[in-house]
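Residues per chain are reported as follows:
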Amino acid sequence: MAKEKVQLSHQTKIDILNVILVLVVGFVLFALYWLIYLGIYLALESAFYPNNPTEFPAIILRISCSIGLFLLYIGLLFTKVPTRYKAILSVGPNGIMMIMIVLAFYDNIFLFLGISLLFVAISIGVMIIRKVPWIYYVGTGYGFLIGYLYAWPR
């Protein structure tokens, strides 16, 4: 029996490369966004609450940073940046929003699951209505997954 070689089309190779880029670079950007948030958090905590860091209003900062990053991402969607880059940049904001939602309602698993699933449904609904390319779904879904894995109650 002769082995048949499977030839991938040029477009298939590009699609595979795009998925790999979304997964790898998206994760790196997610980590970078988280480190920037952590730097802001630690700087504000040491500046305003050096003697009692537990009084720092972390939830306000977390919500503000998450929504600000997500709004920047929404603005990016209306630019002429190539689709591949928009998909890569979608990983971080969606992951950070998942973390913010889970941590905001950490005490009530049904509430954070409901709100986060509503956020996912709205995001997917908007993508369906706007008829975005499939690579957006990869980036957005990957961001949701990273956010859930990071913030899930242990």
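You'll find the structure just up there.
Residues numbered from 1 in each chain as written. Predicted model: local features only at pLDDT ≥ 70, side-chain atom pairs only at ≥ 80, totals over all residues. Heavy atoms only, no water.

On to the overall build of the protein chain. Per the secondary structure count, the protein chain includes five helices and zero strands. Order of helices (α) and strands (β) in the protein chain, N terminus to C terminus: α-α-α-α-α. Sorting the 154 residues of the protein chain into buried and exposed places 34% on the buried side. Intrachain contacts of the protein chain at a sequence separation of at least 6 include 71% that bridge at least 24 residues. For the protein chain, the accessible area works out to roughly 9,800 Å², and carbon and sulfur atoms hold 72% of it. Positive and negative side-chain charges of the protein chain, numbering 10 and 5 respectively, have mean locations separated by a distance of 18 Å. (Helix = DSSP H or I, 4+ residues; strand = E, 2+ residues; numbered from the N terminus. Buried < 20%, exposed > 50% of the residue type's maximum accessible area, 1.4 Å probe, protein only. Contact = heavy atoms within 4.5 Å. Areas by Shrake-Rupley, 256 points an atom, 1.4 Å probe, with all protein chains shown as cover. Lys, Arg positive; Asp, Glu negative; His and termini not counted. Charge placed at Lys NZ, Arg CZ, Asp CG, Glu CD.)

We now examine a nonpolar patch on the surface. A cluster of nonpolar side chains, namely Val6, Leu8, Ile16, Ile20, Leu23, Val24, Val25 and Val28, defines an oily patch on the protein surface of about 670 Å² accessible area. With respect to the secondary-structure elements, Leu23 resides in helix α1 (residues 10-48). (Patch = residues over 30% accessible without salt bridge, like charges linked within 9 Å, V, L, I, M, F, W, Y side chains within 5 Å. Salt bridge = Lys/Arg side-chain N within 4 Å of Asp/Glu carboxyl O.)

Another aspect to go through is the packing of helix α4 (residues 109-130) against helix α5 (residues 134-151). Running from amino to carboxyl end, α4 crosses α5 at an angle of 170°, the nearest separation of the two axes being 11 Å. Judged by the inter-axis angle, α4 sits roughly antiparallel to α5. From α4, Leu113, Ser116, Leu117, Phe119, Val120, Ser123, Ile124, Met127 and Ile128 reach across to α5, where they touch Tyr136, Tyr137, Thr140, Phe144 and Tyr148. Per-class residue counts for the contact of α4 with α5 are 11 nonpolar, three polar and no charged. (Axes fitted to C-alpha atoms, helices over the stretch in contact; angles between N-to-C directions. Parallel < 35°, antiparallel > 145°, perpendicular 65-115°, else oblique. Nonpolar A, V, L, I, M, F, W, Y, C, P; charged D, E, K, R; others polar.)

Okay, the packing of aromatic side chains next. Under the defined criterion, the tally for this structure stands at 10 aromatic pairs. Measuring from ring centre to ring centre gives 6.2 Å for Tyr148 and Trp152, while their planes differ by 70°; the resulting arrangement is edge-to-face. With relative accessibility at 17%, the residue Tyr148 sits in the buried group. Members of the aromatic cluster, joined through ring pairs, are Trp34, Tyr37, Tyr41, Tyr49, Phe56 and Tyr150. For Arg84, the ring lying beneath its charged end belongs to Tyr85, and the centroid distance is 6.0 Å. (Phe/Tyr/Trp six-rings, centres within 6.5 Å; stacked < 30°, edge-to-face > 60°. Lys NZ or Arg CZ within 6 Å of the ring centre and 35° of its normal.)

You will see that Lys131, though not glycine, has its phi angle at about 55°, which is positive. Taking relative accessible area as the criterion, Lys131 reaches 71% and is therefore assigned exposed.

Attention now goes to the packing of helix α3 (residues 83-104) against α4. Direction vectors running N to C along α3 and α4 enclose 155°, while the axes themselves pass 9 Å from each other. By the angle between their directions, the pair α3 and α4 is classed as roughly antiparallel. For the crossing formed where α3 meets α4, the hand is right-handed. When α3 is examined against α4, the residues Asn94, Met97, Met98, Ile101 and Val102 are found in contact with a partner set consisting of Phe112, Ile115, Ser116, Phe119, Val120 and Ser123. (Left-handed = near helix turned anticlockwise from the far one by under 90°.)

What follows concerns the side chain of Asn94. Its location among the elements puts Asn94 in helix α3. Polar contacts involving the side chain of Asn94 include one to the main-chain carbonyl oxygen of Ser90, which spans 2.8 Å. Not counting chain neighbours up to four residues away, the residues in contact with Asn94 comprise Phe70, Tyr73, Phe119, Ser123, Thr140, Gly143 and Phe144. (Polar contact = N/O pair within 3.5 Å; in protein donor to acceptor, adjacent residues only side chain to side chain.)

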